[in-house]
Amino acid sequence: MPQQTGTPDPAPDQAADPNSRPPGRRRLRATVVTVALGAALFLAGAVGLSPLNQDPGTAKDERPGASSPRGSIDALRADLRRLPDNPVGWAQLGMAYVQQGRTTADPALYAKAESALRRSLKVQPRDNYQAETGMGALAAARHDFATALTWGRKAAATNPSNAAAQAVLADAYTQLGRYEESYRAVQRMTDLRPDSSSLARASYTWELRGDLPKARALMKRALDDAASPPDRSFARLHLATLAQESGDPTTALREASAGLRTAKDDAPLLEARARAHAALGHERQAVADYTAAVAIAPLPQYVLGLGELQQSLGRDVEARTQYGVLRAQEQVRRAGNAPADTDAILFEADHGDARQAVTMARTAVEARPFIAVQDACAWASHRAGRDAEALPYADRALALGTRSALFHYHRAMIHSALGDTSAARKDLEQALAIDPHFHPLHAPRARTALDRILDRSEGAS
């Protein structure tokens, strides 16, 4: 459905309602790029792009002698050797490197991405929305969302019909805490190209606001509209995530397993299945899936998830091994002066130096006031004994109505430390109602804390 110029944006509550499918909707073909949400966007905020008609998986293998399907990095390089002044080719190569860096957790690939994208801009300095969009995606992958916003605006100004630019804008606005603007960008993206990528982002806007039925309905539409195996795997992943975070690990397991039948080496799907297995008490399978995910892409959330699961099972040696990996990753991050993500902050707060976690969190939240960063800042402050400072961050993390058991648990413990037993009880009950298995270490602590409050209440009556 083409965008109507001169028409005000719809209200956020009406944006991409799953029950309002545009009549006569047709699939719109983007001229250069297809934007796909990276798994890390959901709470972590990374974004991935892949060139048009490219299966993102084809960009992963650069080994000598590996096959080079159309759209792969090797194939793009071969094309550029024949046509070295092709700005679109350089932009596609840059975006393929962004995708590869996101999926392999190798930040060195971002330098290659930047080199290719700047080569594209050098060849064609003006009206190069493909490279401008790629630069926005690269900045988002590096968690530099202010820069991502700048490039997204440039790309949208160069080509107002570029749905990919709206995706970059939506992700940047979300991570910068500018949620109303992000909703409008998602609506424009959906108007321009109502495909699985747009529907997935629309789903996330409802997830942020706590409307999980609408989020699920839109993600199911994204699955129905998926044009490729990676798009279908992506939709399965987030249907699994929505089920898991609603306290339904059986459905989460079914969705993740369905995705893995056609994408057996998909690390995000392996993590999703690991979480479902853990919630269902399938400890051996959970450890195996987490271990496989870490072997494919040692992203901090997978390493931390495996370490905390091992700790919950009393396997302290194995847990310390994973925590050692996280500490090594943290040293690399600090050496590169990269911003701390929520997993690094929470790890430092729970397993390291809480005061250092506060420093990391305050720096992060100033640059990126997204709800997950607000929550991490709240928890770090609590762990450092600064509960009066922690509470406003915890409140902001839940201000949109997001249904997060972990956020409610964090705020409950802050309320408890401040002596507000009534508020602590309410948040603990909410956390366990949303998902009684939300965390291998914190969920049992939440039950213990709630039982203690209820026992005191009964003793006082």
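Please refer to the structure higher up on the page.
Predicted model only: the values in this text are computed from it and were never measured.

Trainee: Sorry, what's going on with the nonpolar core here?
Mentor: Grouped together as the largest cluster of nonpolar side chains are 46 residues, with contacts concentrated most on Ile-345, Phe-370, Ala-380, Tyr-409, Leu-428 and Phe-438. Residue contributions to this core peak at eight residues, all from helix H18 (residues 371-383). Look past the residues within four positions of Phe-438 in its chain and what remains in contact with it is Ala-405, Leu-406, Tyr-409, Ala-431, Leu-432, Ala-443 and Ala-446. Counting 30 residues, the second largest nonpolar core, distinct from the first, contains Ala-252, Ala-286, Leu-299 and Tyr-302.

Trainee: Explain the packing of aromatic side chains to me, please; I cannot follow it from the model alone.
Mentor: Any aromatic ring pair is given by two values, namely how distant the centres are and how the planes are angled relative to each other. Inspection of the entire model under this criterion finds three aromatic pairs. Considering the side-chain rings of Trp-379 and Tyr-409, the 5.7 Å spacing of their centres and the 45 degrees angle between planes classify their relative orientation as tilted. Taken together, the residues span a long stretch of sequence, with Trp-379 in helix H18 and Tyr-409 in helix H20 (residues 405-417) at a distance of 30 residues. When sorted by exposure, Trp-379 lands in the same class as Tyr-409, which is buried.

Trainee: Sorry, what's going on with the environment of Asp-191 here?
Mentor: Tracing the sequence through the fold places Asp-191 in helix H7 (residues 179-192). As a C-alpha pair, Asp-191 and Ala-163 span 28 residues in sequence and 8.6 Å in three-dimensional space.

Trainee: It is not clear to me how the environment of Arg-445 should be interpreted in this structure. Could you clarify?
Mentor: Tracing the backbone shows Arg-445 in helix H22 (residues 442-460). Taking relative accessible area as the criterion, Arg-445 reaches 40% and is therefore assigned partly exposed. With 36 residues separating them in the primary sequence, Arg-445 and Tyr-409 have C-alpha atoms 9.3 Å apart.

About the thresholds
- Residues numbered from 1 in each chain as written.
- Predicted model: local features only at pLDDT ≥ 70, side-chain atom pairs only at ≥ 80, totals over all residues.
- Heavy atoms only, no water.
- Core = buried A, V, L, I, M, F, W, Y, C linked by side-chain atoms within 4.5 Å.
- Buried < 20%, exposed > 50% of the residue type's maximum accessible area, 1.4 Å probe, protein only.
- Helix = DSSP H or I, 4+ residues; strand = E, 2+ residues; numbered from the N terminus.
- Contact = heavy atoms within 4.5 Å.
- Phe/Tyr/Trp six-rings, centres within 6.5 Å; stacked < 30°, edge-to-face > 60°.

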